[in-house]
Amino acid sequence: GPVLVVNGDAFISMDLGSFIRRHASVGASASMAVAPPVPGAGFRAVESDDSCAVVRIRGIGENRPGLLPWHFLGVHVVTDDVFEAIPHEGPRDSNGEVYPAMIAAGKRIQALPVPVGAWADLGTPRRYYGACLELISGCTDLSALGGASPLNYGRILRCGDTPDLPVQPPSFVGEEAVVGSGVQL
């Protein structure tokens, strides 16, 4: 059956159940969660035709007029076709190797545009730090997570919240965390 794959270096709040159901309705070997490209972000596009069938990934594949560029969000649903297409030796890259080879062999890889509450690539220390600051600053839409928000299990502290504790805003302290004397946040 289908398998949900979420890249380990991505943070996303989206309706995974809806995404899985949509994948089941299109009959593709794999579906990729996508959104409109972020100008200036430097990510290489997933490109699809009008039916959102993926034609090119990272510039690999047929270049033809009218392709739609998408930003891949790091969430896929894959079928057994994908596992069968992965060479058995060494590490593999689904977007750079496996999917382009499957597309060339006539398999359908689907781009599924999804509404995204929050998304961040956490693949570098700078991006990870920036995403953490955005998350605890309250600027991140976590509504798609409902009660599963990581901020439901702790408290965001701001200057003046605790007079005996020097806090540099914003800071996040887990629900059962103990902050000792002399600690600066």
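The following paragraphs examine the structure supplied in this document. Residue numbers run consecutively from 1 along every chain, following the written order of its sequence. Owing to the predicted nature of the model, reporting of local features is limited to residues with pLDDT of at least 70; listing and counting of side-chain atom pairs is limited to 80 or more, with chain, interface and lining totals taken over all residues. The side-chain numbers reported here are obtained from all heavy atoms of the structure, hydrogens and water having been left aside.

What follows covers unusual backbone geometry. One can expect most non-glycine residues to show negative phi and most peptide bonds to be in trans. One non-glycine residue, Cys52, adopts positive backbone phi at about 70°. Helix and strand definitions here come from DSSP, where helices need a minimum of 4 consecutive H or I residues and strands a minimum of 2 consecutive E residues; each element is numbered from the N-terminal end. Topologically, Cys52 is positioned in the loop between strand 4 (46-48) and strand 5 (54-57). Only protein chains enter the accessibility calculation, which uses a 1.4 Å probe. A residue is then buried if its area is under 20% of the maximum for its type, exposed if over 50%, and partly exposed in between. You can call Cys52 buried: its relative accessible area is 14%. Look at Arg58: it is not a glycine, yet its phi comes out positive at around 55°.

Before going further, it helps to spend a moment on the environment of Pro87. Within the secondary structure, Pro87 is located in the loop between helix 2 (80-85) and helix 3 (94-104). Note on Pro87: relative accessible area 38%, which makes it partly exposed. For the pair formed by Pro87 and Glu97, sequence separation is 10 residues and the distance between their alpha carbons is 9.8 Å.

Looking now at the pattern of salt bridges. Whenever a carboxyl oxygen of Asp or Glu lies within 4 Å of a side-chain nitrogen of Lys or Arg, that contact is scored as a salt bridge. If you walk through the whole model with that rule in mind, you get 6 salt bridges. Between Glu62 and Arg64 there is a salt bridge, with its nearest N and O atoms 3.2 Å apart. For Glu62, a relative accessible area of 47% translates into the label partly exposed. The shortest N-O distance in the salt bridge between Lys107 and Asp81 comes to 3.8 Å. In this pair, Lys107 sits in the loop between helix 3 and strand 8 (109-113) while Asp81 sits in helix 2, placing the two residues 26 residues apart along the sequence. Note on Asp81: relative accessible area 28%, which makes it partly exposed. Through salt bridges with shared partners, a single network forms among Asp49, Glu62 and Arg64.

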